[in-house]
Amino acid sequence: MIAHVDVNSAYASFERVFDPSLDGVPVVVLSNNDGMVVAASREAKAMGLDLGKPWFELRPIAQKLGVRALSSNYELYGDMSRRVMGVLERFTPDLEVYSIDEAFLSVSPRMVADPDAMRAWGREIRETLRRLLGVPVCVGVAETRTLAKLANRTAKKLEVFEGVCVWPACRPEWRQRLMQRLPVTEVWGIASRLERRLAGLGIHTIHDLATADPVMIRRVLNVVVQRTALELRGIACIGPEDDRTGKKDQLIVSRSFSEKITTTVGIRQALSVYAQQAAARLTKHHQVTRTVHAFASTSHWSEQRHSAAVIVPLELPTADPVELTRAAHLLLPRIQEGARYARAGIMITDLTTAGAERPFELFRHVHEDAGIATLIDDVQKKVGGEVLGLGWGGLRPGPSWQMKREMLTRRATTHWDELITATV
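Residues numbered from 1 in each chain as written. Predicted model: local features only at pLDDT ≥ 70, side-chain atom pairs only at ≥ 80, totals over all residues. Heavy atoms only, no water.

Student: Please give an account of helix α11 (residues 223-232) that cites residues and values.
Tutor: Quick reminder: α-helices carry 3.6 residues per turn. Residues three or four places apart thus point the same way. With respect to burial, α11 is a largely interior element, 7 of its 10 residues being buried. For α11, the full list of buried residues reads Val225, Gln226, Thr228, Ala229, Leu230, Glu231 and Leu232. Directly beyond the C-terminal end of α11, a positive phi value near 95° is found at Gly234. (Buried < 20%, exposed > 50% of the residue type's maximum accessible area, 1.4 Å probe, protein only. Helix = DSSP H or I, 4+ residues; strand = E, 2+ residues; numbered from the N terminus.)

This is the structure in C-alpha cells:
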C-alpha cells in the first residue's frame, strides 16, 4: 500500500499562510514576467479562471471579480515545500518527493489490513500539516501509485471523504461507477495527445483503460501505458525509478527578458546564469551532457529581427557549470550589438547517467568533483538567487532584465528583511 499526499492549490495555500486576508478570496499566481496564470485557488477555478489564461486579458476584469493576482514567489514556495516534506518524513521511513507539492509515502505493514487505521493515519497527516504549517492537503491510499493519485483526487473533489480516501475501503461497485464516469485524462500520465490515440481504440474512460487488454495496449502504444493500465487493476508496476518528472533526453533553461538586452555583455550574463541553473538540474538527476545548444533572439514583432544559435559538442560528458558556461559563451561572437534581444537560453542534449563513463583523472573537470553546481543551487534556494553566482552569473547588482514580478509578496522564510514578525 502507498499513500499520495498533495497540497491543495499549493501556491495559493503557501501565500495564505502569511497573508490570512487571502482566505476565501480567488487567487491566481502568474508566470515569469507576470505573463499568464500558472496556478489558481479553488475559488478562482470555480470562476472559470483556467491555467494558461494571459494576465493582460484578465487584468481589466480582475478587480470586478475580486480576483487577487500575485507574482510567482519561487523562494517562498520552495522553502514551504521543503518544510512540508520534512513533516511528512515523520510519518514514513520511505518518502518519495514527486514534485514541489506532492509526495508518495509507504504505508506501515501493520496498517495494511486495517482500513480504519489507514484512514486515521491520513487524517493525522492532514491535521499535523495544518497545525504546524497552515497548509491544507489531501491524502489518497491505494495498492499502486496510479490508484493512490486517483484516490487523492477523489478525496479532493468529494467532501464526504473529508480529505482522506482509502481506495480499498470503498465499495467495489462505487469504485467501478466512478471509473466509468471519469475520462481517461484523469489518470496520472495520460495527456490530451495520448487521449486521442486511446479514443481510436475505444478507450474513453478510466474503466475502459483498466479493463483493456494490456498486451494490446503495449503492442499498439507502449509499455508505459501498459503499466498504467495494470496499475489501475491494483498491480503495482510503477516505482520510484519510473519518476516521470526527471531523466529526460534534453533540458532547456530559457526565459523572456522583462527588459530587452542590447549588448553582448548582457547576453553573456544571461547565458552564465542559465548555464549554472542547467548544471544544478543535471546534478540533481545524476546526469551529464555531451552537447550544449545556446541561442538568443529578438521579438517576432521587432523591426530589427535577429536570431543567433550555436551547437557545441563537449570533449567529455559533464555537468560542470564552468564547462557549460564556456560552451554557452561561444554564442557571443554571433550577437549583434544594438539588436533588442527578447529571449535567450541554452538546451542540453545527449544526456547520460553520471559516472557511466569515467575519464582518466588527468581529464576530469575539477569543478565537477568539487560540487560547485550543487553548492550554488543550495545557497540560492536558502537565501535567494541574487546572493551567489558563478563568474558573470554572480555579478551584483543583479541584471535589470531579470523576470518582472510586480506583485511579489514577502519572501517570508528566506530573506532577512522580509521575515514575518510576531507580536506577543
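Read on, since the account is not over.
Student: Requested: an account of the packing of aromatic side chains, with residues and values cited.
Tutor: Under the counting rule described, the total for this entry stands at 6 aromatic pairs. Consider the rings of Tyr98 and Phe104, whose centres lie 5.9 Å apart with planes at 70°: the pair is edge-to-face. Under the relative-accessibility criterion, Phe104 is labelled buried at 1%. An aromatic cluster of at least three residues, connected via ring pairs, comprises Tyr11, Phe14 and Tyr77. The ring of Phe104 carries the charged tip of Arg145 above its face, separated from the ring centre by 5.5 Å. (Phe/Tyr/Trp six-rings, centres within 6.5 Å; stacked < 30°, edge-to-face > 60°. Lys NZ or Arg CZ within 6 Å of the ring centre and 35° of its normal.)

Student: Which residues make up the packing of helix α12 (residues 264-284) against helix α13 (residues 321-328), and what values do they have?
Tutor: Running from amino to carboxyl end, α12 crosses α13 at an angle of 140°, the nearest separation of the two axes being 8 Å. Between α12 and α13, the crossing angle belongs to the class labelled oblique. Like other packed secondary-structure pairs, α12 and α13 cross with a definite hand, here right-handed. Packed against α12, whose contacting residues are Leu271, Ser272, Ala275, Gln276, Ala279 and Leu282, the element α13 presents Pro321, Leu324, Thr325 and Ala328 at the interface. In the contact of α12 with α13, the residues fall into 7 nonpolar, 3 polar and no charged. (Axes fitted to C-alpha atoms, helices over the stretch in contact; angles between N-to-C directions. Parallel < 35°, antiparallel > 145°, perpendicular 65-115°, else oblique. Left-handed = near helix turned anticlockwise from the far one by under 90°. Contact = heavy atoms within 4.5 Å. Nonpolar A, V, L, I, M, F, W, Y, C, P; charged D, E, K, R; others polar.)

Student: Which residues make up the environment of Thr318, and what values do they have?
Tutor: Mapped onto the fold, Thr318 is located in strand β11 (residues 307-318). For Thr318 and Ala354, which are 36 residues apart along the polypeptide, the C-alpha to C-alpha distance reads 7.9 Å.

Student: Lay out a nonpolar patch on the surface with the relevant residues and their values.
Tutor: Residues Met47, Ile61 and Leu65 make up a contiguous nonpolar surface patch of about 230 Å² in total accessible area. One can find Leu65 in helix α3 (residues 55-65). (Patch = residues over 30% accessible without salt bridge, like charges linked within 9 Å, V, L, I, M, F, W, Y side chains within 5 Å. Areas by Shrake-Rupley, 256 points an atom, 1.4 Å probe, with all protein chains shown as cover. Salt bridge = Lys/Arg side-chain N within 4 Å of Asp/Glu carboxyl O.)

Student: Now, about unusual backbone geometry: what can you tell me, with residues and values included?
Tutor: Phi at His286 is positive, roughly 55°, even though this residue is not glycine. Here the phi dihedral of Asp350 falls at roughly 55°; this positive angle occurs in a residue that is not glycine. Note that Asp350 resides in strand β12 (residues 341-353). Residue class for Asp350 comes out partly exposed when judged on its relative accessible area of 44%.

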